[in-house]
Each structure stands twice: as C-alpha cells, then as structure tokens.
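These are the residues of each chain, in order.
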Amino acid sequence: MLSAPGLWVQNKMGKQAIIETVDLKKIYGMGDATVAALNGVNIQITAGEFVSIIGPSGSGKSTLMHILGCLSRPTAGQYILDDQDISNLDNKQLAAIRNKKIGFVFQAYNLLSRTTALHNVMLPLMYDHVDSQTQADKEKLALEMLKKVGLGDRIGHMPQELSGGQQQRVAIARALINNPVMIIGDEPTGNLDSHSGADILKLFNEIHEQGATIVLVTHDPQIAAYAQRTIILRDGLIESITKNGHERKQ
Amino acid sequence: MKLSEVVKISWEAIAKNKIRSMLTMLGVIIGVAAVIGVVSISAGTEATINDQISGLGSNLIFITANFGRGGRDSFAPNNRGGLVFNDAYAIAQQVPGVVGVTVEQDASETVKANGVTLTDISILGTTIDFPTVRSMNIASGSYFTQQAVDQKQKVVVLGASLATQLFGTSDPVGQYITIGSTQLPVIGVMAPKGAVGGIDYDARAYMPITVVFQKFTPSEFARFRGDRVRLIYVKVDPSVKLDDVILQIQLLLYKRHNVTSSAPDFSITTQQDIIATQEATTAAFRNLLAWVAGISLIVGGIGIMNIMLVSVTERTREIGIRQAVGATAEDIRIQFLMEALLLSIFGGLVGLVVGMGGSILFGALSGMRTVIVPSSVFLAFGSAALVGIFFGYYPANRAAQLDPIEALRYE
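Residues numbered from 1 in each chain as written. Chains lettered and ligands numbered in written order. Predicted model: local features only at pLDDT ≥ 70, side-chain atom pairs only at ≥ 80, totals over all residues.

A. The arrangement of the nonpolar core in detail. Among the nonpolar cores identified, the biggest contains 121 residues, and V121, A173 and V215 of chain A together with V32 of chain B are the most heavily contacted of them. In terms of residue count, helix α2 (residues 18–55) of chain B provides more of this core than any other element does, 13 residues in total. When neighbours within four sequence positions are excluded, V121 of chain A is seen to be in contact with A142, M145, L146, V170, A173, R174 and I177 of chain A. (Core = buried A, V, L, I, M, F, W, Y, C linked by C-beta atoms within 7 Å. Buried ≥ 20, exposed ≤ 12 C-beta atoms within 10 Å, placed from the backbone. Helix = DSSP H or I, 4+ residues; strand = E, 2+ residues; numbered from the N terminus. Contact = placed C-beta atoms within 7 Å.)

B. Quick look at the packing of helix α12 (residues 329–366) of chain B against helix α13 (residues 374–400) of chain B. Residues and elements named next belong to chain B. α13 packs onto α12 with a crossing angle of 150 degrees between their chain directions and a minimal axis gap of 7 Å. Between α12 and α13, the crossing angle belongs to the class labelled roughly antiparallel. The crossing of α12 and α13 is right-handed. When the residues that make up the contact of α12 with α13 are grouped by side-chain class, the tally is 22 nonpolar, 7 polar and 1 charged. (Axes fitted to C-alpha atoms, helices over the stretch in contact; angles between N-to-C directions. Parallel < 35°, antiparallel > 145°, perpendicular 65-115°, else oblique. Left-handed = near helix turned anticlockwise from the far one by under 90°. Nonpolar A, V, L, I, M, F, W, Y, C, P; charged D, E, K, R; others polar.)

C. Just helix α3 (residues 91–101) of chain A, in detail. Among the residues of α3 of chain A, those classed as buried are L94, A95, R98, N99 and K101 of chain A. Those residues of α3 of chain A hidden inside the fold are in contact with β4 (76–81), β6 (102–105), α4 (117–126) and β7 (182–186) of chain A together with α11 (316–324) of chain B.

D. Region of the structure containing helix α9 (residues 242–257) of chain B. Residue and element names in this part refer to chain B. A rise of 1.5 Å per residue sets the reference length of α9, with its 16 residues, at 22 Å; its end C-alpha atoms lie 22 Å apart and thus fit the reference within 8%. Every buried residue of α9 is listed here: V245, I249, L253 and H257. Looking down the long axis of α9, one finds its buried residues gathered within 85 degrees of arc, a one-sided arrangement. What points out from α9, more than 90 degrees from its buried face, is the exposed set D243 and K255. Of the surrounding secondary structure, the elements contacted by the buried residues of α9 are β1 (60–65), α3 (85–94), β3 (98–113), β13 (231–236) and β14 (266–270). At the C-terminal side of α9, N258 shows a positive phi close to 55 degrees. (Expected span 1.5 Å × (residues − 1). Arc of directions from axis to C-beta.)

E. Expanded view of the interface of chain B and chain A. Counting residues at the interface gives 16 residues for chain B and 17 residues for chain A. Among the secondary structure elements, those contributing two or more residues to the side of chain B that touches chain A are α1 (3–16), α11, α12 and α14 (404–409) of chain B. No other element matches the 4 residues that α11 of chain B contributes to the side of chain B that touches chain A.

F. Structural detail: the sheet that holds β4 of chain A. Residue and element names in this part refer to chain A. Taken in spatial order, the 4 strands line up as β2-β1-β4-β5 in an open sheet, and their pairing is antiparallel. The open sheet has two edge strands with one neighbour each: β2 (35–46) and β5 (84–85). Looking at chain direction, β4 and β5 are connected through 2 bridges and run antiparallel. Bridged to L81 within β5 is Q84. (Pairing = 2+ DSSP bridges.)

G. Spatial organisation of the pairing of β6 of chain A. Residue and element names in this part refer to chain A. Going residue by residue along β6, you find I102 and F104 tucked away on one face and G103 and V105 tucked away on the opposite face as well. Alignment of β6 against β7, held across 4 bridges, turns out to be parallel. Paired with V105 across the strands is G185, a residue of β7.

H. Broad picture of the confidence of the model for chain A. Summary statistics for chain A give a mean pLDDT of 88 and a share of 92% for residues scoring 70 or more. Taken as a whole, residues 1–13 of chain A scores under 50 in pLDDT and shows 17 contacts with residues more than four places along the chain or in a different chain. (pLDDT = per-residue confidence, 0-100.)

I. Quick look at unusual backbone geometry. Here the phi dihedral of Y109 of chain A falls at roughly 65 degrees; this positive angle occurs in a residue that is not glycine. Within the fold, Y109 of chain A resides in the loop between β6 and α4. Its 23 C-beta neighbours within 10 Å are what place Y109 of chain A among the buried residues. Of note, the phi angle at N258 of chain B is positive, near 55 degrees, even though the residue is not glycine. By secondary structure assignment, the location of N258 of chain B is in the loop between α9 and β14.

J. Region of interest: the domain arrangement of chain B. Here the domain parsing of chain B yields domain 1 (3–52 + 276–409) and domain 2 (67–264). Computed over C-alpha atoms, the centres of domain 1 of chain B and domain 2 of chain B are 56 Å apart. (Domains from an automatic or database assignment.)

K. Here's a closer look at the sheet that holds strand β3 (residues 50–54) of chain A. All names here are of chain A. As summarised here, the arrangement of the 6 strands in space is β6-β7-β8-β3-β9-β10, forming an open sheet in which the pairing is mixed. The strands lining the two open edges of the sheet, one partner per strand, are β6 and β10 (237–243). Recorded for the sheet is a direction-independent mean angle of 20 degrees between the axes of neighbouring strands. The pairing of strand β9 (residues 229–234) with β10 spans 6 bridges and is classified as antiparallel.

Right, here's the structure in full:
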C-alpha cells in the first residue's frame, strides 16, 4: 500500500477524521471473472478539509466516490462517516445518509428540468423523513442558499433559463441546504468553459473557507490542485497523497 | 415526502405531457363511460318494462290453462284441459277478496267503417270488469254492460287510435262499423293507454266476450263444456293477502275441474312473478354488458401501464437525482404509483361525466329511457382507481428498484 504514513499520523493525531475508510474493496463480477475496482483503500478526511481525488479512468475514483457518496456499498472493508459505520446499511438507510450528510455536485448539474431554481434547491428537504420544517421555512432556507451562491435574483428561473455556471451554482446551493457532513463534487467543472469553471472552483473554495468538508473528484491535475490534499488513485489503490501547499488560504 | 407534495409532483408530471396523458386516460374514460352508459340504458329499459307490467293493472292474478297433450285445442279423455268462461264467473262470485275478474278472447278481423277498411285488427272479447282490472278508462260513450254480455248484444267499444283511424275527428259513438261480416254500433271510445307489453291497447276493438265466442272464435266443444278461454285475469282487493286469494282460487278450480293439486290443469301467476322473471332476465343481460364494458377498463389499465413504463424510462435521470438527494425506494414508488392513480382517477372522473352526460343525452335524443344507477357509477369509478393502482404498480416498482448510479448515468 502506497499511502503516505506521515499524513496518516498527522490526521490521526490532529483533527478527528470525519470520513474514514479501512481497506475498502469493491469487486465486480463473480467467480473467476472478477474485477477489483477498489483493492483496499484507506482514506481519512478531517472535518473542514478540502480533498481532491484524482486518477485516470479505470483507477477506481468513480467507484470510490460512489461509495463515499453512499450510492453503493463496498464489497469488503469499512466506511465510517461521521462516527457511523455505514458499510453495511441497507438501501433505505443509505438514502437517509445521502439526504442528511452528503451533498452532491455533478458534472451535468443534474437539476430537475421544468422545476424552478428554488424548488431544485429545496429538493433534499422534500425527502427529509423527520420533516420538521414548514414549507415556508424550507423556502426561506433555499432562498438563503441561493443568495449564498449569488443567485438570489434567479429563484424563479427554470434550469434551461440559466447558464451552465448558474445551473452549477444552483446545484451547489442544493448540496449545501442540508448542511451536509461532506460535499462531493464529481467533475463539477467538466461541462463548463474555463471562466465559469474557475468561478465554480472559487465558490468551492469559499464554501470550504466557511467550514465545509469537500471531496472533489476529477481527472484534471490543475483542478485537483485547488484542494489542500490530492489523493491519487491508480488501479484501485492509492498511489500517492500530495499536499498542495495551501493549508488554508489567507 | 408529504402526500400533498407527492400529489403535486405527480400532477405536474401529468400536466407536462398533456396530449399523452389525455390519450392514456382515454381507455379509462371509455371504460367508465361504457359501464355507466350500458347500465343506465339497460336499467331504463328495465324500468320501462316494469312500468308496462304494472300498467296492466296492479294486484293482478293470471290464471292460464295447462293444455292437454294433443295441443291447445285437444281435450284429454278425463275432461281436463283448460279453463272455461264460467270459471271466471265462479271465481268472481265465490272467492272473497276478488275485485274483478275478466276474461279475454281475441280474434283478428277486417274492420270497415266510414269508407275506411282496416285489415288484421285485433278484436278483444272481454267482460264488464275489463276496464277495472286493466286500469282503462272510457273517453266517450259507455262501456258495454253485463246485460250486453249475457244477451250477446252486438256492440263495440273502440280503442283511441282505432277510433281516429276510422272516424278521424268526428265522434264515432252511435255510428256503425263492420267487423268481418257483422255490423255493430259503436257505443264508446276508450281513453288512450298506449302500448303495454308489446300490445297496442289503443288499436283494438272491445266487445262482449260472448259475441266473440259466437261470431269470431266459435268452438265446436262449447256446447259440452262451455266456451274455452286461455287466460283469466283476477284483480284482488289490495288489503287482502294475495296468497289467500290464490289458494281459494286453486281450491275452487280443483273442484270445478275435478283435478288434484298434484296434476292441475291450470297455473296461477302473479304480476310480481312476471316482474321478478323480467328483472332476472334483464339483470343478467345488464351484468353481461357491464362486464364487457368493464373489459375496456382493463384495456385502459394496460394503456396506463404502457405509458408509465415509458415515463419511468424517460425520467430515469430524474429518478437518479431524487435518489442522490435522499429519495428512498418507497418515495420513488409512491410518486409513480400516484401518477398512475391520478391518471386513472382523472380518467374515471371524465368517464363519469361522459357516461352520465351521454346517458342523459342518449335518453333525450333517442326517446329511450335511461336511468343512471348510482351503484354502477361508484363501481365504475372505483374500478378505475383500482385499475390505476394495479397497472401502475409494476412500472412504479421498476422505478423504485433502479440503481442510483445507473440512473444518474442514464442519458
């Protein structure tokens, strides 16, 4: 295993890891025809960290992101999120974790079409099964989130009426609304021109500075470098972990 | 997710594809409308028939002859084989609770009067109780008397439309008509009654039954047994128990005909029997039609299932997004199930309006009576909702079972 022992120790001794995987494996197929997408991955991410995961296609970064995002379960190993072992939760419990603790930002924005920006941002609250907020509360919160990403004047717009950068901002507002433990960005700038892409990365940085834990999955080393640390995956294993030299800006 | 939100989301999804939703609902609309329409038309027909049977007069007992083996005009050796005219008199005189007894003997003759010749006119020989028993009234002139019956007086009372056909607007009373080769004076005209049970009561001529026996249906055995009749109508006092009267008549006729209760030569039916038989027949027919109409509801359900499967496929990405932000399988299932249910309920409501409106319109335009049966409305609508749930479940379940990763990748 090629993880950097120094960082491990630092994380162990410093802030408590809010995300931790232990010998995480994901094996596809059955019998002899098995493919290990993840072959024993150990990651620790502390609260408030901005980490990027990078690797060529087939490195297992998507698989890792899906497991970290509770969209799938590991074949073996442990995944501890916010002090809870969630490696063996059922689909319903995973859905609740996604709803409460994870905010996704996808490459293709993945907003609901013909649904206003405000209602798109509110969507996670709709699936909150211990629903204690009134509709007005939810709308107020969604508006707050849209203001945070600079779209306070676009609440009634449909996604198709917004630019790509604006749509991605709506998606970020949606990811923030549940005050998640972790925000996962899956190539969030992949569909944007470099200018809008830079804006989105700047927004990620701002959110990070406000205390959010961010995991950015990308294939682009330049984008990965925006994070404090970069985990480089290859063939289902961590090849190396690099510090990007800007522990916290300012 | 709150139910109101589920309904809202589903409704929006339906509203997004208006034409497709309308076409999907068409099957259910036709199914529900057909069930309601078919039932209302057949219920209307049933009500009409019941009215006609009741129109014969109320509290009626019908006594019919059981004919001997050789057919209706043969006599069995033991003198069995039917009713005679005098049986009617005997019942009228000896059975308590009887209000009126009437006997009918019909014939078909050519009628001439006033230069008009009508062929195949129904001539009904009957007794003086006929207007009472059959609830008919005299419009002008008078009905014939018991004396006329006893003395075989050749007089005639015309039905309303027959009178108009022969004499137009002039009063036929006092004029003469020729029936067959017999000339008779018209002594009265009946008030219109209309067609009852397929017989037009207004197109007939009425005369004393004894005249019909003598002139139009002479029986060669009348000298030995009396004049044979096929049917005796007995009208019973409404305050008397019908069964008691039936028993009395049975005992009387057993004695008169010298038969036992095990082998009677007559049968007794009541109006209720006829209505019950009629109802059973029409109800069976109505149920059959309703089931056939109900099949189109199932076809409508298959239409819903088909379009829901398309919808689930089209919205795979949306399902993935909802799953990513925390929707459970139940959340997704209820959403698509609600969509199918709304389609069927809305289709059911439209079908209800179309079915009820169509029944009323059909009744108004065709002149046929239609009766909207509430139970059929509830049944059709309820079935539509059930069809939505039943046929919506499979697509909804398919949506719920989607893998979020696959769903998010779906282009």
